[in-house]
Each structure stands twice: as structure tokens, then as C-alpha cells.
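Chain and residue survey
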Amino acid sequence: MTEPFSARLKASTATIHDEVEHTSFMVDLMEGRLDVRAYSLLLRQYALIYAALETKTQEFADDPIVAPFYDSALFRTQRIHSDLEKLGSTIAGQRPDATSPNLGESGSMVMASAEDYADHLNRLTRPEQLIAHHYTRYLGDLSGGQAIGALMGRHYSVPAEALTMWDFAEVGKTKPYKDAYRGRLDEIAATGGDEQLVIDETMTAFVLNGRLLAELSSAVEAPAVTTVNSQRGEAG
């Protein structure tokens, strides 16, 4: 039996996907070693990236390869801006913690890697390239992204009204939606799409995201990480 394209796409990108997920910034953020300012910094990068992705998605909305994937309920840009506004109030009401990362002026900056990511999205010319980024971002948001939303509330007391980025109630239950999405991936060749181009561009999407997270790692300092690492070194 021929392996479905969705399974082949996942397997082909599994290694780089895992590497990106374990970038120190994401590990520190998810394990509670950073703070709400670091999360806000991540969202500021997403504001630029998702705006570019969603503009390009609208440009390709009528393309026969992209049309099955088009769903405005997935769009995140307005939610990100709303979350950032509410996070600003949350940050203003918090006193700096001695163990919090020192973001300084970087707390409100857009990283060069985010600008490069958005520029790349703006230059996409093939529908298969768009689907690669659409898949990487939205299926990721519907999967591991749900844990991000939950952990930001648990670790950093981010209120629910500032976590709408991760709210996909409009698409219904996430598992059936993701299963249907993968089914549409399996039909790409039938609609005239180039499967290998989707795989290649998905790799590029993970590279771009990895560069962003690496730059974010350099922009924050997590004192607790040094302590944990030094303890592990002594134990080893």
C-alpha cells in the first residue's frame, strides 16, 4: 500500500521538527523559566509572520491547489494583536522578578529573523510553497500550540483573554479538523500539486522558524537555566 502523502511529509520533516521544538527558547518558555515578557516577545514576531502568511493565503485563495485548505477561521493576525494589547496590561501590572529574563529594550522589538521569515512568505510564487507554510504553522498551532496556550496560563498567569491565539473553537473539535486537513494533503497530487515541492518548502519553513527561535534564545536570559545545567553537570 502506498504511504499517504501526509504521512510521508511528517516523516520527511520529523528530525528538523524535533530540533526546532527543542530550541532553548521554547524549552525554557514551556518549562516556566522565562516570563510573560518573553512570551510577548514571541507574539510580536508572530504578528509579522502571520500577517504575511495570511495575506499570501488570501492571494492564493482561488488557486485549485490551495482552495481546499483555505479557511479564514484559522487566521490568527487579529487575535495576536488583541493578545499583545492585553499582555501589555498584564506586564504593566507585574513587578520585575530577579529570576526573570532581562529583555531590556528587546521586549518590544521585531527580530531580523522574523523579518526574513515574513519576507520569504511575501515572495512565495507557488501554491505548494504556501501550503507548506500553512501546514507548518496552523497544524502546529492545532497540535503542540495548544500546550503553549495552557502553559502560558499556568506558568506566567497569562489570562485567557490574552491567549486567544491558541483558541480554535471556530473550527470545531481539533482532531477531526486535523484528520480532514491531512486528507486534503493526501489529495495534493490529484489537484495538480507537486508533493516534493511541499516537502522541500516545509523544510524551509522549519529552518526559518528555527532561526527565529535561536535569535529569541539570544535575546533573553534565563538565570534558572544556568543553575539547572550546572547541577546536571555536577551530577554527571
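Residues numbered from 1 in each chain as written. Predicted model: local features only at pLDDT ≥ 70, side-chain atom pairs only at ≥ 80, totals over all residues. Heavy atoms only, no water.

As annotated in UniProt, the feature "binding site: heme b" (unreviewed entry) corresponds to Lys10, His17, Tyr135 and Arg182 in the numbering used here. By the element assignment, histidine 17 lies in helix H2 (residues 14-21). Assessed through its relative accessible area of 34%, histidine 17 is described here as partly exposed. Inspection of the secondary structure assignment puts tyrosine 135 in helix H7 (residues 127-142). We classify tyrosine 135 as buried; its relative accessible area is 11%. If we skip the residues at most four places from it in the chain, tyrosine 135 touches Leu9, Lys10, Gly140, Tyr181, Leu185 and Thr202. (UniProt positions renumbered as here; feature names shortened; annotations may be inferred. Helix = DSSP H or I, 4+ residues; strand = E, 2+ residues; numbered from the N terminus. Buried < 20%, exposed > 50% of the residue type's maximum accessible area, 1.4 Å probe, protein only. Contact = heavy atoms within 4.5 Å.)

It is worth spelling out helix H1 (residues 5-12) at this point. Burial in H1 covers these residues: Phe5, Ser6 and Leu9. Take H1 and look down its axis: the buried residues cluster within an arc of 100 degrees, on one side only. Away from its buried face, by an angle of more than 90 degrees, H1 presents the exposed residues Lys10 and Ala11. Contacts made by the buried residues of H1 are with H7, helix H9 (174-185) and helix H10 (195-219). (Arc of directions from axis to C-beta.)

Turning our eyes to something else, we now look at the nonpolar core. Counting residues in each nonpolar core, the largest one holds 68 residues, and the members touching the most others are Phe25, Tyr39 and Tyr46. By residue number, the principal contributor to this core is helix H4 (residues 36-59), which donates twelve residues. Excluding its chain neighbours within four sequence positions, the residues that come into contact with tyrosine 46 are Ala51, Ile80, Arg137, Met165, Trp166 and Leu212. (Core = buried A, V, L, I, M, F, W, Y, C linked by side-chain atoms within 4.5 Å.)

So, on to the environment of lysine 173. Among the structural elements, lysine 173 can be located in the loop between helix H8 (144-156) and H9. Classification of lysine 173 as exposed rests on a relative accessible area of 71%. On a C-alpha basis, the gap between lysine 173 and leucine 142 in space is 9.9 Å, while along the polypeptide they are 31 residues apart.

Moving on: unusual backbone geometry. Positive phi outside glycine occurs at serine 157, with the angle close to 55 degrees. Taking the relative accessible area as the measure of exposure, serine 157 reaches 55% and is therefore exposed.

Right, let's get into the confidence of the model for the protein. When pLDDT is averaged along the protein, the result is 89, and 85% of the positions lie at 70 or above. Every residue in residues 98-107 is under pLDDT 50, and counting partners more than four places away or in other chains gives 21 contacts. Every residue in residues 222-236 scores below 50 in pLDDT, and together they form eight contacts with partners more than four places removed in sequence or on other chains. (pLDDT = per-residue confidence, 0-100.)

Evaluation of the coordinates by the stated rule reveals nine salt bridges. Residue arginine 182 is joined to aspartate 179 by a salt bridge in which the shortest nitrogen-to-oxygen separation is 3.3 Å. Residue arginine 182 and its partner aspartate 179 are both found in helix H9; the two are separated by three residues, about one turn of the helix. Several salt bridges share partner residues, and in doing so they unite Asp28, Glu31 and Arg33 into one network. (Salt bridge = Lys/Arg side-chain N within 4 Å of Asp/Glu carboxyl O.)

Note on placement: arginine 33 falls in the loop between helix H3 (24-30) and H4. On the basis of relative accessible area, arginine 33 is assigned to the buried category, the value being 17%.

Attention now moves to the environment of aspartate 18. As for its position among the elements, aspartate 18 is in helix H2. Residues aspartate 18 and phenylalanine 206, 188 residues apart in the sequence, show an inter-C-alpha distance of 9.7 Å.

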